[in-house]
Amino acid sequence: MSRTVIIQDNVLKSDFNIKILKVLEEYKIFRIIGKLTYRLTTCSYCHQHSMVKNGYKTVYIRDIPFNNKSVIIKLAKQRFLCCACHHSIIAKLVTDTSVENIAQDLNLSLNTINKQITKIHNEFIHPSGNLPEHLSFDEVRTANHQMSFLAINAENGNIISLLPNRISKNIIDHFKRCYSLSSRKAVKSVVLDFNSSYHIFIKRLFPNAQIIANRFHLIQMLNRVTIQVRIATMYQFQWNSREYRLLKYYWRLYLKPFNQLESKNPTWKSHLKDRLTSEQVISEGISTNSGFSEVYFAAQSIADAIRHQDKEKLLQPFRTKTTNPYLRTLLNTFKTRIKSIVHALYSLLSNGRIEGTIRKIKQIQRTTYGYRNWQYLRDCIYIEFIFKTKKRKLIRK
């Protein structure tokens, strides 16, 4: 896929009403030429159905840089004219809009808007009696800073359940009340992080489901242990010593795969006053402490096994005994979830979709500066995720 096609796709994702006419790649800049138009029938001033198109207004928008080049959008926005009150309206780009702004644009009260949101939720959104084959569980902070349970379809990202809390008893009662045993038996896999409470009742609710660990959290735990041991080793030396500088200023190299480090072309390391390759820096850094070396190579081995789906290499560190407290804690944690980790090696599913869903939920809360009523927040979340394509036209009428 060419760079111009990628830029064009990113612009269309932001607003489907934008029509891209041309994408030009110039020196240090990408220039996009397009127009924004859509159907508008009702005037927001007099509320009469007398809107007609009345030319364009050209604006210049600076977008996010791409490939170290600025992106400038030359956008012709549609101008509308009301034949009744003669007010002119310029087409607007889709942006995050709070309930207060919607009420202000439509000259309605907040209570009226909230009642309509609740009405739409009760009329169109009903829990399905069937469950998808692959589920993904996580929690998200919602109204009044409480942690809520979230379940989605791991394949397409559709929301299955959103509960006001993450208490195990309430989650079990919800699934038993809303879904039959035959529907729960059809679930083949559930993707989880290392939340211990969920592993307890998964087999009770979904007898035929495999528990799949999220690979991102596995790598994150490996990196966290490596960072902790590196910092503990670093503070054993004087701040102006070579060993301290090796461990402090080149911390990013310790998180990279060892086989991807530069091993042939040395570069000048200003903090060490020496020319070294990245591989030499790591080798010299881990040699400062035998415990750090043990943790580093164990973490590298497990991470490499996860990346290459090598089960034997994954199980190898668990067969050796260690006296390092950081590594022992990590291995004991992985041992309790070893089946779900092995399942993660051969599965394409992850918690990536549910993390994206959580980010959107947080954006909904940021737009409105938070919610105190959990029911209103739940209704807005369901409407946002279910009416994906209808939302843009409904707001502008």
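Because the structure is predicted, anything quoted here is derived from the model rather than measured.

Notes on the overall build of the chain
1) Next: Of the regular secondary structure elements, the chain holds 16 helices and twelve strands.
2) Next: For the chain, whose C-alpha radius of gyration is 27 Å, the value lies well above the compact-globule estimate of 21 Å for 397 residues.
3) Next: Viewed in the frame of its principal axes, the chain has a C-alpha envelope of about 80 × 60 × 35 Å.
4) Next: Buried residues in the chain amount to 43% of all 397 residues.
5) Next: Contacts spanning at least 24 positions in sequence make up 57% of the contacts within the chain whose residues lie at least 6 apart.
6) Next: A total accessible area of about 22,800 Å² is found for the chain, and carbon and sulfur atoms account for 51% of it.
7) Next: Placing the 63 positive and 27 negative side-chain charges of the chain at their respective mean positions leaves the two points 5 Å apart.

Description of the sheet that holds strand 6 (residues 134–141)
1) Next: Ordered in space as 8-7-6-9-10, the five strands form an open sheet in which the pairing is mixed. This sheet does not close on itself; its edge strands, each paired only once, are strand 8 (159–163) and strand 10 (210–213). Neighbour-to-neighbour, the strand axes of this sheet turn through a mean angle of 25°, independent of strand direction.
2) Next: One ladder, built from four bridges, connects strand 9 (residues 189–192) with strand 10; its direction is parallel. Bridging from a neighbouring strand, Leu-192 pairs with Ala-213 of strand 10.
3) Next: This element, helix 15 (residues 374–386), spans strand 7 (147–153) and strand 8 of the sheet and lies at about 170° to strand 8.

Observations regarding the pairing of strand 2 (residues 29–36)
1) Next: Pairing geometry for strand 1 (residues 18–26) and strand 2, over eight bridges, is antiparallel. Its bridge partner lying in strand 2, Lys-22 is registered against Ile-33.
2) Next: In textbook terms, the turn of a hairpin is the stretch between consecutive antiparallel strands, and for strand 1 and strand 2 this stretch comprises two residues, one of which, Lys-28, has a positive phi near 65°.

Concerning the pattern of salt bridges
1) Next: Considering all chains together, one arrives at nine salt bridges under this definition.
2) Next: As a salt-bridge pair, Glu-25 and Lys-69 come within 3.1 Å of each other at their nearest N and O atoms. Placement of the pair is Glu-25 in strand 1 and Lys-69 in strand 4 (residues 69–82), with a sequence separation of 44 residues.
3) Next: Accessibility expressed as a relative area gives 37% for Glu-25, which makes it partly exposed.
4) Next: According to the relative accessible area criterion, Lys-69 is buried, its value standing at 18%.

Concerning the environment of Val-190
1) Next: Mapping Val-190 onto the fold places it in strand 9.
2) Next: With a relative accessible area of 0%, Val-190 lands in the buried category.
3) Next: For the pair formed by Val-190 and His-134, sequence separation is 56 residues and the distance between their alpha carbons is 5.9 Å.
4) Next: Contact partners of Val-190, with chain neighbours within four places excluded, come to Leu-135, Phe-137, Ile-202, Phe-206, Ala-209, Gln-210, Ile-211 and Ile-212.

What to know about the side chain of Asp-304
1) Next: By secondary structure assignment, the location of Asp-304 is in helix 10 (residues 290–308).
2) Next: By relative accessible area, Asp-304 is classed as buried at 14%.
3) Next: Looking at Asp-304, its side chain comes within polar contact range of the side chain of Lys-313, at 2.4 Å.
4) Next: Residues in contact with Asp-304, not counting those within four places in the same chain, are Asn-259 and Lys-313.

So, a positive patch on the surface
1) Next: Taken together, the side chains of Arg-141, Arg-166, Arg-359, Lys-360, Lys-362 and Arg-366 present a region of like positive charge at the surface.
2) Next: Of the residues forming the positive patch, the biggest block, four residues, is contributed by helix 14 (residues 352–367).
3) Next: You can see Lys-362 is positioned in helix 14.

Rules used in this analysis
Residue numbers restart at each chain and count upward from 1, following the sequence in its written direction. In keeping with the model being predicted, local features are shown solely for residues with a pLDDT of at least 70 and side-chain atom pairs are shown and tallied solely at 80 or more, while totals for entire chains, interfaces and linings include all residues. As a rule here, side-chain values cover all heavy atoms of the structure and leave hydrogens and water aside. Where helices and strands are cited, they refer to DSSP runs of H or I of at least four residues and of E of at least two residues respectively, numbered from the N terminus. For the radius of gyration, the atom set is restricted to C-alpha positions; the globular benchmark scales as 2.2 Å times the number of residues to the power 0.38. We call a residue buried when its accessible area falls under 20% of the maximum for its residue type, exposed when it is over 50%, and partly exposed in between, using a 1.4 Å probe and counting protein chains only. The contact rule is simple, with two residues in contact once any of their heavy atoms fall within 4.5 Å. Computed with the Shrake-Rupley method and a 1.4 Å probe, the accessible areas treat only the protein chains shown as cover for residues. Residues counted as positive are Lys and Arg, residues counted as negative are Asp and Glu, and His and the chain ends are not counted. To locate a charge, take atom NZ for lysine, CZ for arginine, CG for aspartate or CD for glutamate. For two strands to be treated as a pair, DSSP must find no fewer than two bridges joining them. A fitted line through C-alpha atoms serves as each axis, taken over the contacting stretch for helices, and the angle formed by two N-to-C directions is quoted from 0 to 180°. By salt bridge we mean one thing: a side-chain nitrogen of Lys or Arg within 4 Å of a carboxyl oxygen of Asp or Glu. Counted as a polar contact is a pair of N or O atoms within 3.5 Å, where, for protein atoms, one must be capable of donating a hydrogen and the other of accepting one, and residues adjacent in sequence contribute only when both atoms are in side chains. Here, patches come from residues exposed beyond 30% relative accessible area and free of salt bridges, joined within 9 Å for like charges and within 5 Å for nonpolar side chains (Val, Leu, Ile, Met, Phe, Trp, Tyr).

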